[in-house]
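Summary of structural features
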Amino acid sequence: MTFLGRLGIDSLPFYSPVAFAGAATEVLAALMILALVTWKGWWKPLFRDWIATVDHKKIGIMYLFLAGVMLLRGFADAMLMRLQQAMALNSDGYLPPEHFNQIFSAHGTIMIFFMAMPFLTGLINIVVPLQIGARDVAFPFLNAVSFWLTGAGAALVLLSLVIGKFSTAGWTAYPPFSENSFTPGPGVDYWIWAVLVAGAGSTMTGINVLVTILMRRAPGMSLMRMPLFTWTALVTSILMVFAFPALTTSSAMLALDRTLGFHFFTNGDGGNMMNYANLFWIWGHPEVYILILPAFGIYSEVVATFSDKRLFGYTSLVFATAVIGVLSFTVWLHHFFTMGASANVNAVFGIATMIIAVPTGVKVFDWLFTMYRGSIRLTTPMYWTIGFMVTFVIGGATGVLLAIPPVDFLMHNSVFLVAHFHNMLIPGALFGFFAGFSYWFPKAFGYRLDETWGKRAFWAWITGFYIAFMPLYALGFMGMPRRMEHYDVAGWQPLLITAAIGAVFILAGIACQIVQLYVSWKNRESLCDTTGDPWDGRTLEWMTSSPPKPWNFDRIPTVHSLDEFAWRKETAGFVDEPGAPDVIALPKDSLLPMAIGASAFIFGFAMIWHIWWLAIMALLTILAMLTATGFTRDSGLRIIRIENRDAARAEVASS
Amino acid sequence: MKLIIRMMAGVSGPWTAISARHCVPQALSLLLVSLMLAGCSTSNLAILSPASGFATGQRDLIYFAIGLMLIVLIPVWLLAFWFPFRYREREGTRGHHPEWTTLPWVEAVVWTVPAIIVAIIGYTVWLETHRLDPYAPAPSQGTAVQIDAISLDWKWVFLYPDGRGATVNELVLPVGRPIELHLTSDTAMTSLFIPGLAGQIYAMAGMETELNFQPERAGMHIGRNTQYTGGSFPDQQFTVKVVSPEDYRTFLDRLSRNGSSLSEADYYELKMNRHTSPVREYSTYPNELFQSVIDTYCSSNCGRRQTEPGSHAPQGANPEGTAGGKA
C-alpha cells in the first residue's frame, strides 16, 4: 500500500461527461459558497451562531438546511434516471451503465439517509422540546455531535461524485454483488462508511429524543397529555434505538468482508448473503416507520389546528402509533418472500404485514373525523395533509398487494414495487415534512411562508407525483424490472416518457418551493409572526415567542390538559400561578461536535481509500476529543436569571 | 382487465363530481392511468394475462384484494373531499362543533372494518400461499419435467432432463405438464422470473431453489433475471417457448442430434465471458454439472435436492387446488 492508499489521479471522474459535469457543478457551488461567506464576512457569525451551537432549534434548522441541499442532489439523480429510461429503448441512452448504476444507488441512499432522516430529525429537534415545555433536549452536546456525524456522512456521499465513484450496488448494497469479487473499488466503501457514520448519529439522536421525551416533560404533562407529534417522535426514537444497531452491524460486517477479507456474506467460504438480507431489513422495515411516523404526527397536529378542533380519537391514534411501532419489527421478511422460505414462513410474515394496515387505516379515519364538524382553514399545510390522505391510501393498498406472497412473486423487483414505496415515502413522509415545514417555519424563523407559492408547489408536486408514479404501477403489470439501464420492449417507452414528464412537474414543485422561500424572506415584514401563535395553535410550542429565546420558555408552563395552549385559551378566567423565580441553565457552545464530525469524515475517507495511517490518526483524534469532553470540570452551564417574568404571563392572558 | 378499469372508472366518477374545484389534477391523472391501462392490450400486461395455473391464481388474488380494499379506499376518498368542502371556514360557525372529539361507535367501526378486511385477506393469504407455493408441485396427473437452471453473468444455462441437452438463453417447455425448475447461481444472487408463466424465486450460489408451474397454453414468453447484478443486467433475459408435447419431443431430438456438447471448458468459458449470449444449444452436458456448480461454493452440508433455508418441507399437492385456479 502506498502513502495515499488506492487514491490516484485516475480517481477523478473522467469516465463520463455527465459525471464530470456533475462533479464540476458540485465543486463550483462549494467554491462559490465559500467565496460568498468570505466576501460577506460571515465566517465569524457562522462559527459563533451556528457551527458551535448546541441549541436544539439551531441544530434543527441546520438539519433542515442539510435535508434541502440533499433533496436537490437526490432529485437531480431522479431526473437523470427518468430521462435515461425515457430514452433507452434499444439504446444506451445517454448514461453508461457504470454511471446509471451509481445514480440509482446514490438516489436511494441520499433520499433515505441524507434527505428524509435529516428532515424529520430537524423537525423533531425544533419542535419536540417546545411541545413538551423543555428548555432543550436531554443531551445538547450529543445532539450537536449527531448532527455533525450526519453531515459527515452526507459529505462523503457528495465527495464520491468528485473523487472516485459511488456504489453501484443499489441503496441496499446486497451481497454477494456488493462484495469485492463483483464490485471492487471504493464505491461500495463510500456507501458503507457514509451509512456507518450517519447511522451512528441517528442512533444517538434516537437515544437523545427518547430520554428528552421521557425525562424533560413540563410538570403536569403525563404521557397521555403529550401532543401527537411528540408521541410519534417517541415511538420513532425507540425504533431508531432498536433498529439502527442492525444496520450498523450489517454494514460493519460488509466492511470487514471488503476490507479485511472476512467471509460473512461472500459466495462460498462459509459466507451467506441471506444473513445480510435479514439483518438489513430488520433495520430497513422499522426505518420505513421511522420516516413515516413523524409525518403522521405532523398530519395530526396540522389537521387539529386547522380544523379548530381537538383530534378525533386521540387515544386511538396513540395506540395505533404504538402498535405500528411494535409490528414494524415483525415484518422484515416480506422484503424477500422470493428467497425460498417455506409457505408457512411467508404466510406468517405476509399476514403480519397486512395487520399494520389496520392501525394505519384507523389513523386516516381519525384524521378525517377530526375535520368532521370542524372549521377548516385550507392553508398550505392542510393542502399537503389532504393530498396525503387521498394519495397515501393507494400506496397502502398496493402495499397490501405486495404483502401477499403469491402476488409478491409477480411484483418483487419490479417498478410496481418502486411505485409502491415512492407512494409511501413521497405522499406519506415527504408531504408530511413539507406540511410540518410550513406549519412550524414561523416558529423557527419568526415569519410565515408565502401561501400562494406554497399552494403552487403543492399542486405541482401532487400532479407530478401521479404522472410520475402511476405509469410505474402499470409498467409493473407489464413485467418491467427496476434498475434497468436500457430495455428492448417498445411498449414500455410511452409510459416511461410519461413518468419523465411527471418528474418535470415535481421539478416545478421544487422550483416553487425555492421561490416561496425567497418571496417569504423578501416579505418577512408583512409575514412577521409577532404573537408567537400565527395559526391559533393548540400546543405548547405556540405559547412562546417566534423564534423562541434560547431558553425556550421564560417560565416552564404547568400542563393541565391535552392541547394545553388551546385549553388555556378556552378556559375563561385562567390565571397562570406565579411560581418560584426561574434560574435558567444553558449548556455552553462548543466547537468539539463539529471537530468530531470532521474527524469522522476524515476517518471514513481514509477507510474508503485504504489510507491506514490517516484512519488511525482520525480515530485517535475522535477518542482524544471525547476523552477531553469527559474531563471538562466546568459543567459548561451559562446561567440566566429571568427578571421580568410578567411579560410572558401577559402574553398568555391577552390572547 | 375490464374489471380493474371499471373499478377505476367507478372511483373517479363520483370523485370528480364532488370536488372538481379542489382535485382536478388528481382526477386527471387518475383518468390518465385508466386510459393508459385501457390503451394497452392485455397482452402487454403480461401479469394480467397469465398462461399457467399458478400465474392465474396469482393474478386473481390481485383482483380479489383490490376489490376488498376499495371498501376502505372509496370512503376515504369521498370523505377527504367532502369534509374539507363541507366544513371549510366561513361566516358564522355553522356546523362547527369543536367538542365533537370522539364517538365510541365510530371508533369501533374504523378499527373493526379494516380488521375484518385484513382478516379475510389474511385467511386467503394463508390458503393461497400454500396453494401457490413455488415449491409445491403443480397439481397435475403428468410426471414433472425437471430442468436445472444456472444463472451466469449475464445469461442463463438450462439443463434438460436425463442429460438430453442444454441450452443457453432459451427455455423450451411442453404444454400441459408440470415443470419443476431447479435454480442455482454461479454468480451474484439473481432472480428468475417469467411474467405470465411463473412467479420469481432467487437463485443463489451454493444453494438450490425451486420453481414449480404448469403451462396451460402454447406461446412465447420472455423470462429474465429481475435481481440487479450490475453490468449487462438489463440483457439477462431469455425466450421461453411453450410448445405442444410433440414439438417438445421434436425439440429434444433435435437437441440431442445437434452434435456440439457442452464441455466443462465450454461452461467455464461461458461463465468467465461476462456478457450476454445469443441462444446456444448443446446435445450433452457433463454429468452432475448442476451439483458441481453448487459444490463450488458449498463444500459441506448441501446435498442434492436439499434447499436453503433447510426448513422447507416438501409440499404435497393441495387436493383442492386445481390447475387454472378459479377466481
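Residues numbered from 1 in each chain as written. Chains lettered and ligands numbered in written order. Predicted model: local features only at pLDDT ≥ 70, side-chain atom pairs only at ≥ 80, totals over all residues. Heavy atoms only, no water.

1. With respect to the sheet that holds strand 3 (residues 166-168) of chain B
All names here are of chain B. Strand order in this open sheet of six strands is 8-5-1-2-3-11, and the pairing throughout is mixed. A single partner strand is all that each edge strand has here, and the edge strands are strand 8 (209-213) and strand 11 (280-282). Across the sheet, the axes of successive neighbouring strands diverge by a mean angle of 20°, strand direction being ignored. When strand 2 (residues 155-159) meets strand 3, the two strands line up antiparallel, connected through three bridges. Looking across to strand 3, one finds that F158 is bridged to T167. In the packing of helix 7 (residues 289-297) onto the sheet, contacts are made with strand 1 (145-152), strand 2 and strand 5 (179-185), and the angle to strand 5 comes to roughly 35°. (Pairing = 2+ DSSP bridges. Helix = DSSP H or I, 4+ residues; strand = E, 2+ residues; numbered from the N terminus. Axes fitted to C-alpha atoms, helices over the stretch in contact; angles between N-to-C directions. Contact = heavy atoms within 4.5 Å.)

2. Structural notes on helix 18 (residues 612-630) of chain A
Residues and elements named next belong to chain A. Here helix 18 is 19 residues long and its end C-alpha atoms lie 27 Å apart, about the 27 Å a rise of 1.5 Å per residue gives. Within the span of helix 18, buried status applies to A615, A618, I622 and M625. Projected down its long axis, helix 18 shows its buried positions confined to an angular sector of 95°, all on one face. Of the residues in helix 18, the exposed ones pointing more than 90 degrees away from the buried face are I616, L620 and G630. Along its buried surface, helix 18 packs onto helix 17 (592-609). (Expected span 1.5 Å × (residues − 1). Buried < 20%, exposed > 50% of the residue type's maximum accessible area, 1.4 Å probe, protein only. Arc of directions from axis to C-beta.)

3. Some remarks on the packing of aromatic side chains
Residue and element names in this part refer to chain A. Per the stated rule, a full pass over the model turns up 74 aromatic pairs over all chains. Here F416 and F477 contribute two aromatic rings whose centre-to-centre distance is 5.5 Å and whose plane-to-plane angle is 65°, an arrangement assigned as edge-to-face. Residue F416 is found in helix 13 (residues 415-445), and its partner F477 is found in helix 14 (residues 451-477); the two are separated by 61 residues along the sequence. Note on F416: relative accessible area 2%, which makes it buried. One cation-aromatic arrangement involves R456 over W453; the distance from NZ or CZ to the ring centre is 4.5 Å. Lying across the ring of W521, R524 places its NZ or CZ 4.6 Å from the centre. (Phe/Tyr/Trp six-rings, centres within 6.5 Å; stacked < 30°, edge-to-face > 60°. Lys NZ or Arg CZ within 6 Å of the ring centre and 35° of its normal.)

4. Comments concerning the sheet that holds strand 4 (residues 170-174) of chain B
Sheet strands associate in pairs through backbone hydrogen bonding, adopting either a parallel or an antiparallel arrangement. Residue and element names in this part refer to chain B. Strand order in this open sheet of five strands is 4-10-9-6-7, and the pairing throughout is mixed. Of all strands in the sheet, those bounded by a partner on one side alone are strand 4 and strand 7 (198-203). Across the sheet, the axes of successive neighbouring strands diverge by a mean angle of 20°, strand direction being ignored. In this structure, strand 4 lies alongside strand 10 (residues 237-243), joined through five bridges in parallel fashion. Across the sheet, the residue bridging to E170 is T239, located in strand 10. Packed onto the sheet, helix 5 (residues 245-257) meets strand 4 and strand 10 and runs at close to 135° relative to strand 4.

5. Structural notes on the packing of helix 14 of chain A against helix 15 (residues 493-522) of chain A
Residues and elements named next belong to chain A. For the pair helix 14 and helix 15, the least separation of the axes is 7 Å and the interaxial angle reads 160°. When the interaxial angle is binned, helix 14 and helix 15 end up roughly antiparallel. Once helix 14 is placed against helix 15, the crossing between them reads as left-handed. For the contact of helix 14 with helix 15, the per-class residue count stands at 23 nonpolar, eight polar and one charged. (Parallel < 35°, antiparallel > 145°, perpendicular 65-115°, else oblique. Left-handed = near helix turned anticlockwise from the far one by under 90°. Nonpolar A, V, L, I, M, F, W, Y, C, P; charged D, E, K, R; others polar.)

6. Comments concerning the interface of chain A and chain B
With 96 residues of chain A in contact, the opposing surface of chain B contributes 92 residues. Contact between chain A and chain B buries roughly 8400 Å² in total, counting both sides, with carbon and sulfur atoms accounting for 74%. Its largest share of buried area at the contact with chain B, chain A owes to R373, L410 and F477 of chain A, together 9% of the area lost on that side. In this assembly, chain A and chain B are joined by zero salt bridges. Of all the secondary-structure elements, those providing two or more residues to the side of chain A that touches chain B are helix 4 (97-131), helix 8 (273-307), helix 9 (314-327), helix 10 (343-371), helix 11 (380-402), helix 12 (405-411), helix 14 and helix 15 of chain A. (Buried area = accessible area lost by both parts, 1.4 Å probe. Salt bridge = Lys/Arg side-chain N within 4 Å of Asp/Glu carboxyl O.)

7. Let's talk about a nonpolar patch on the surface
Residue and element names in this part refer to chain A. On the surface, V27, L28, L31, L34, W43, F47 and L591 cluster together to form a nonpolar patch covering roughly 610 Å² of accessible area. Breaking the nonpolar patch down by element, the ones donating at least two residues are helix 1 (17-40) and helix 2 (43-51). No other element matches helix 1, which puts four residues into the nonpolar patch. You can see L591 is positioned in the loop between strand 1 (583-587) and helix 17. Relative accessible area serves as the criterion here: at 42%, L591 is assigned to the partly exposed category. (Patch = residues over 30% accessible without salt bridge, like charges linked within 9 Å, V, L, I, M, F, W, Y side chains within 5 Å. Areas by Shrake-Rupley, 256 points an atom, 1.4 Å probe, with all protein chains shown as cover.)

8. Details of the pairing of strand 2 of chain B
Residue and element names in this part refer to chain B. Most of strand 2 sits inside the fold, with five of its five residues counted as buried. Of the two faces of strand 2, both are covered, the one formed by K155, V157 and L159 as well as the one formed by W156 and F158. Bridge count between strand 1 and strand 2: five bridges; the pairing is antiparallel. Its bridge partner lying in strand 2, S151 is registered against W156. What sits between strand 1 and strand 2 in their antiparallel hairpin is a turn of two residues. Once strand 2 ends, the chain turns through six residues before running back antiparallel as strand 3, passing D162 with a positive phi of about 55°.

9. Topic: the pattern of salt bridges
Applying the stated criterion to the full structure yields 20 salt bridges over all chains. R48 of chain A is the salt-bridge partner of D49 of chain A, the closest N and O atoms lying 3.2 Å from each other. Among the ionic pairs, D186 of chain B bridges to K271 of chain B, the shortest N-O distance being 3.2 Å. In this pair, D186 of chain B is assigned in the loop between strand 5 and strand 6 (190-194) and K271 of chain B in helix 6 (residues 264-272), connecting sequence segments 85 residues apart. Classification of K271 of chain B by relative accessible area gives partly exposed; the value is 23%. Connected via shared salt-bridge partners are R6, D189 and R258 of chain A.

10. Notes on the confidence of the model for chain A
On average, residues of chain A carry a pLDDT of 92, and 96% of them reach 70 or more. Contacts from residues 647-655 of chain A, a stretch scored under 50 in pLDDT, to residues over four places away or in other chains number nine contacts. (pLDDT = per-residue confidence, 0-100.)

11. Observations concerning the side chain of E210 of chain B
Residues and elements named next belong to chain B. Within the secondary structure, E210 is located in strand 8. For E210, a relative accessible area of 12% gives the class buried. In this structure, E210 is in contact with P134, Y135, E180, L181, H182 and I201, ignoring residues within four places of it in sequence.

12. Looking at helix 11 of chain A
Residues and elements named next belong to chain A. Compared with an ideal rise of 1.5 Å per residue, which puts 23 residues at 33 Å, helix 11 spans 32 Å between its outermost C-alpha atoms and is within 8% of the ideal. The largest bend in helix 11 comes to about 30°, at M389. For helix 11, the buried fraction is high: 22 of the 23 residues fall into the buried class. (Bend = angle between axes of the 7 residues up to and from the residue.)

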